[in-house]
Structure formats: C-alpha cells, structure tokens
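Chain by chain, the residues run as shown.
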Amino acid sequence: MTHVISMINLKGGVGKTTTTVALAEILAGELNKRVLVIDLDPQTNATTMLLGEKEWTTANAAGLTLATLFKDSLRPEGEAAEFNLEKTLQKQVSPVSAVKKLDLLPSSLDLIDVQDRLAAVPSGRYYTDRPVDLLYKSTRKLLPDYDYVLIDCPPNLGIITLNGLRMSQGYVIPTKPDVLSTYGIPQILTRVSGFAEGLLDDDIVPLGIVINMYRAGTTVHETTLRALRLDVKASKLPPLFDAIIPHGDAVAGAAEFTTASTLRQRWGYKGHFDQLSALAVELDARAKAQL
Ligand SMILES: Nc1ncnc2c1ncn2[C@@H]1O[C@H](COP(=O)(O)OP(=O)(O)OP(=O)(O)O)[C@@H](O)[C@H]1O
Ligand SMILES: [Mg+2]
C-alpha cells in the first residue's frame, strides 16, 4: 500500500522542504522503502537538493518538469499535450550514495505562472471542473511502485498545493517553535478538512506537527513548545512528533547538492541525523496506523 503524504505550512521558511528531503532520504536509505518526492514548489528547492542544479537545468530546458503537466491543461482544444511521465520521472536521485530507491518528479520556476493561470480557470462549487485532479490523474499509475510519496508544498493553499492534497491520505506540518510560525496551524487544519469534505472523499489525516530548528534554552522556543503541548492535550492540535529537529549548520548545509557516502554525513553528526531518523521511524508508524 502506498502512503501519500503532503508537507504543509502556510508559513515560509519553517523547514518543509528540508524535512521532506531528509525523510525521503532516510525512508529510502535506512528503512528500505521505495520513495517518490513530488516537488510542487516553484522555488524548486527539493528538486535542487535531490537532483542538483545542473541536472535540473537540463530537465527544465527540455520541459521535463511538473510545470508541463499543468501547462497541458491550459492549452487550447486540439493542441497536443506534452507532459511525459516516464521521461519526467528522475530515478535514483539524492547525492548520498547509500540512497538507492528515491525518485523525484521535479518542479520548475514556471509553476508560478501556471498557478496564476490555473486559478483563473472557471470552476464550480467543489471544483466541478476539477483542476485539483490534474496531478493525481497524470501520476496515479506510478503510485503503486512506491511505499511513500512525499509532496513538498509551497507555503500557500493555492491550486497547485490543493493538487497535492487531493492525492494525499495524510499531511505533516513542519514548524519552527515560534509564535508566527505556529500561528496559522489551526487555519491549516480547518482549511484542509474543509477541502477533504468538499472532495466527497476520505479524510486527509493530520499526522502531526514536526518541531524544526529548535534551540534549547531560547525562551520563545521553550514557551511555544509548552503552549503547543497544551493545545495538543486539549485536542486543539494533532500530536507533535516526539523527534525534535535541533537548529544546526549541518541541516542547513544539506541544502547543497554535495556528494556524501552516508546519511549521517549529509544530515549531521551532532544528533541531527539521529532526530531525523527517529522522525522517519515515527512517521512510518503513524502512517501504518492511521492511513
Ligand atoms: N534544523 C535546521 N537547522 C538549520 N537550518 C535549517 C534547519 N531546517 C531548515 N533549515 C534552513 O532553513 C531554511 C528554510 O528551510 P526550508 O527551505 O526547508 O523551509 P521551507 O518551509 O521549505 O521554506 P519555503 O516556505 O520557502 O518553501 C533553509 O535555508 C534551510 O536550509
Ligand atoms: Mg520549501
């Protein structure tokens, strides 16, 4: 069974992409899962972290990105579609040689333009024209090849993100433990459950909140973490993951596409890899129990 999980927060820069890439590499490299990353963010961060700038430039110039999939839906009647799933799928990505079973559907900067144009496509109540189905329709035959599909979303709930949510059974909310990063979490919960209801489909399960860039001893971080735990206890929020990702240079450095032989080398020796690894184990357990 394939678990499709979106990584979402309306706040930018909280670690959605970093967490997506780390989980994908660890699920594939340590837990022996077959993993697909779908990069829906026009910033292309997950794509360049996993594929490198050079390969991405070549793929992008040839139109072998998800932007082509969405552009097809905007072509006039009669014009041929150009998206080719097999050619767009980048196999065995990641600069870590220990990671073998990780594939990627890459993003493109062109998604910004596509997002604006798609939003202007007329759609009835609950999207009768279903521009939210585009991604699922074009990729579903690939899904059974994977144990996990992780979708890196941009920091909004626009039409592209909704395409990712549409095919997800669950979602994870990465956040920094500060006031502004956590402020929008209740809104995400409401919006996603409203969207799931409107699809007349199953629920999209909030699997939990990941605390990232934690700095122990920082008053704001400790206070926010306490407040989050109280809200979880009061059932206002989904559970936090026990693993907490500390702030660290190694994690920031993983943004660079540099060859590494082990995951520990890529994600850091000072406890960062251990926490990310624990997070992957927890995610796997929650996905099995709840999705
Ligand atoms: N635990 C960490 N320690 C140090 N730096 C981190 C950590 N996690 C992420 N970063 C860095 O913080 C920045 C933001 O992280 P990231 O790009 O993953 O966030 P994001 O939520 O995906 O952002 P966006 O909303 O722009 O897509 C990046 O420069 C990343 O390398
Ligand atoms: Mg990102």
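Just so it is clear, the model here is predicted, and its values are computed rather than measured.

Parameters and conventions
- Residues numbered from 1 in each chain as written.
- Chains lettered and ligands numbered in written order.
- Predicted model: local features only at pLDDT ≥ 70, side-chain atom pairs only at ≥ 80, totals over all residues.
- Heavy atoms only, no water.
- Phe/Tyr/Trp six-rings, centres within 6.5 Å; stacked < 30°, edge-to-face > 60°.
- Lys NZ or Arg CZ within 6 Å of the ring centre and 35° of its normal.
- Near = heavy atom within 4 Å.
- Polar contact = N/O pair within 3.5 Å; in protein donor to acceptor, adjacent residues only side chain to side chain.
- Areas by Shrake-Rupley, 256 points an atom, 1.4 Å probe, with all protein chains shown as cover.
- Helix = DSSP H or I, 4+ residues; strand = E, 2+ residues; numbered from the N terminus.
- Nonpolar A, V, L, I, M, F, W, Y, C, P; charged D, E, K, R; others polar.
- Salt bridge = Lys/Arg side-chain N within 4 Å of Asp/Glu carboxyl O.
- Buried < 20%, exposed > 50% of the residue type's maximum accessible area, 1.4 Å probe, protein only.
- pLDDT = per-residue confidence, 0-100.
- Contact = heavy atoms within 4.5 Å.
- Core = buried A, V, L, I, M, F, W, Y, C linked by side-chain atoms within 4.5 Å.

1. A closer look at the packing of aromatic side chains
Next up, step 1: According to the stated counting rule, one finds zero aromatic pairs in the structure shown.
Next up, step 2: The ring of F241 carries R286 above its face, with NZ or CZ at 4.0 Å from the centroid.

2. Examining the site of ligand 1
Next up, step 1: In the neighbourhood of ligand 1, 18 residues make up the surrounding shell, with K16, T17, T18, N212 and G248 lying closest.
Next up, step 2: Contact between ligand 1 and G15: an oxygen atom at 2.9 Å from a main-chain N or O atom of the residue.
Next up, step 3: A total of 630 Å² of accessible area belongs to ligand 1 in isolation, and the protein chains cover 82% of it.
Next up, step 4: Looking at the shell around ligand 1, the elements with two or more residues in it are α1 (16-29), β6 (205-214), β7 (240-246) and α12 (249-253).
Next up, step 5: Broken down by element, the residue count for the shell around ligand 1 peaks at three residues, all from α1.
Next up, step 6: Looking at the shell around ligand 1 residue by residue, the classes come out as seven nonpolar, nine polar and two charged.

3. Examining the pattern of salt bridges
Next up, step 1: Counted according to the given criterion, the structure contains 14 salt bridges.
Next up, step 2: Of the charged contacts in the structure, one is a salt bridge between D72 and R75, with a shortest N-O distance of 2.7 Å.
Next up, step 3: For E82, the salt bridge is made with R75, and the minimal N-O distance between the two is 3.4 Å.
Next up, step 4: A relative accessible area of 54% means that E82 is categorised as exposed.
Next up, step 5: In this structure, a network of salt bridges that share partners links the residues D72, R75, E79 and E82.

4. Digging into the confidence of the model for the protein
Next up, step 1: Per-residue pLDDT for the protein has a mean of 94; in total, 96% of the residues score no lower than 70.
Next up, step 2: Confidence drops under a pLDDT of 50 for residues 124-128, and excluding neighbours within four residues, the segment shows six contacts in the predicted structure.

5. Regarding the nonpolar core
Next up, step 1: With 49 residues, the main nonpolar core has I38 and F70 as its most contacted residues.
Next up, step 2: When residues in this core are grouped by element, the largest group, six residues, is from helix α10 (residues 185-198).
Next up, step 3: Excluding anything up to four places from it in sequence, I38 contacts L66, L105, L135, V149, L150, I151, D152 and M167.

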